[in-house]
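# Residue-level structural notes
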Amino acid sequence: MTARWPRAVQPLLWVFVLLGVVHLGALLGGVLPVVQITKPVLMPVLAGYALARGGPPLLAGALLFGCGGDTFLQIGGDLAFLVGMGSFAAGHVCYLLLFARHGAGPGAGRRGLTAAAGAGYAVLLTGTVVLLWPDLPAELRIPVAGYSLLLTAMAFGALRAGPWAAAGGLLFLLSDTLIASGIAHWPQLPAPQFWIMLTYVAAQWALADGVLRSAATPPRNAPQRAQELRTAGAP
């Protein structure tokens, strides 16, 4: 994988970092206009950075679906929340496809660890849904449970793309669990939106970087396959 627009890589990265700092600072300072302006811009800038590094277009799609989710959740109301959650869900589907294409499957020595991780994620999903269920609005229970299943599948699938992506999956789980706990009217941390956005921005960055690293790494059997092709074509 080579950078498509190498001169744009570093500037876009710094713009993303600056926007993230300004957004988080505005959340802490209660500067609502700055929050509303910066939030929908974060993921398009990160998508541009990913493309500038030569990342797959599907990764940009996942990030832009995140932008859609950010925008609708910012509007507020049950309908906007459901549309925003659907947009995030589409982004998770994009990530799952990316992990399938660019992630490395577990080797023989790692299958036990992968199974254990899968069991851990299943317990985490079940426990979260069971605990949240009674306190969620009735009309949101099924959508939240279905979304949680897809989100957990994405976080588990991120293990295929290396430690950065795996960390991003976990952070995304944490961020959305904080949102769900707010909807359920559970006790919140001070400045809850700050912690939601901090974990979310870090999650999207880690997922994007993990996919970019994974896409840039040739498959383990690539040299062997190339040698086979050369041998087959030899006179």
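All of the points below concern the structure found in this document.

Rules used throughout
- Residues numbered from 1 in each chain as written.
- Predicted model: local features only at pLDDT ≥ 70, side-chain atom pairs only at ≥ 80, totals over all residues.
- Heavy atoms only, no water.
- Helix = DSSP H or I, 4+ residues; strand = E, 2+ residues; numbered from the N terminus.
- Buried < 20%, exposed > 50% of the residue type's maximum accessible area, 1.4 Å probe, protein only.
- Core = buried A, V, L, I, M, F, W, Y, C linked by side-chain atoms within 4.5 Å.
- Contact = heavy atoms within 4.5 Å.
- Phe/Tyr/Trp six-rings, centres within 6.5 Å; stacked < 30°, edge-to-face > 60°.
- Expected span 1.5 Å × (residues − 1).
- Axes fitted to C-alpha atoms, helices over the stretch in contact; angles between N-to-C directions.
- Parallel < 35°, antiparallel > 145°, perpendicular 65-115°, else oblique.
- Left-handed = near helix turned anticlockwise from the far one by under 90°.
- Nonpolar A, V, L, I, M, F, W, Y, C, P; charged D, E, K, R; others polar.

Turning next to the overall build of the chain. If you tally the helices and strands in the chain, you get nine helices and zero strands. Relative to its full complement of 235 residues, the chain shows a buried share of 40%.

Our next topic: the nonpolar core. Counting 55 residues, the largest nonpolar core has Met43, Leu59, Leu63, Tyr95, Phe99, Phe172 and Leu207 as its most contacted members. Of all elements in the fold, only α1 (6-29), α2 (32-52), α3 (57-75), α4 (78-102), α5 (111-132), α6 (138-157), α7 (163-183) and α8 (192-216) reach the threshold of two or more residues within this core. Look past the residues within four positions of Met43 in its chain and what remains in contact with it is Phe16, Leu63, Gly66, Cys67, Asp70, Tyr200 and Gln204.

With the rule as written, the count across this model stands at seven aromatic pairs. With centroids separated by 6.0 Å and ring planes inclined at 15°, the aromatic side chains of Tyr95 and Phe99 adopt a geometry described as stacked. Note that Tyr95 and Phe99 are positioned in helix α4 at a spacing of four residues, about one turn of the helix. Between Phe194 and Trp195, the ring centres sit 5.0 Å apart and the planes meet at 85°, which makes this aromatic pair edge-to-face. Residue class for Trp195 comes out partly exposed when judged on its relative accessible area of 36%. Put simply, the rings of Phe88, Phe172 and Tyr200 pair up and form one aromatic cluster.

The next point concerns α6. An ideal rise of 1.5 Å per residue puts 28 Å on 20 residues; α6 measures up with 30 Å between its terminal C-alpha atoms. Lining the buried residues of α6 we find α4, α5, α7 and α8.

This part takes up the packing of α2 against α8. Relative to each other, α2 and α8 sit at 15°, their axes nearing to 11 Å. Classified by the angle between their axes, α2 and α8 sit roughly parallel to one another. Handedness of the α2/α8 crossing: right-handed. Where α2 abuts α8, its residues Lys39, Leu42, Met43, Leu46, Tyr49 and Ala50 lie against Met197, Tyr200, Val201, Gln204, Trp205, Ala208 and Leu212. In terms of residue class, the contact of α2 with α8 is built from eleven nonpolar, one polar and one charged.

A word on the environment of Phe81. In this structure, Phe81 sits in helix α4. You can call Phe81 buried: its relative accessible area is 15%. Separated by ten residues in the primary sequence, Phe81 and Thr71 place their C-alpha atoms 9.8 Å from one another.

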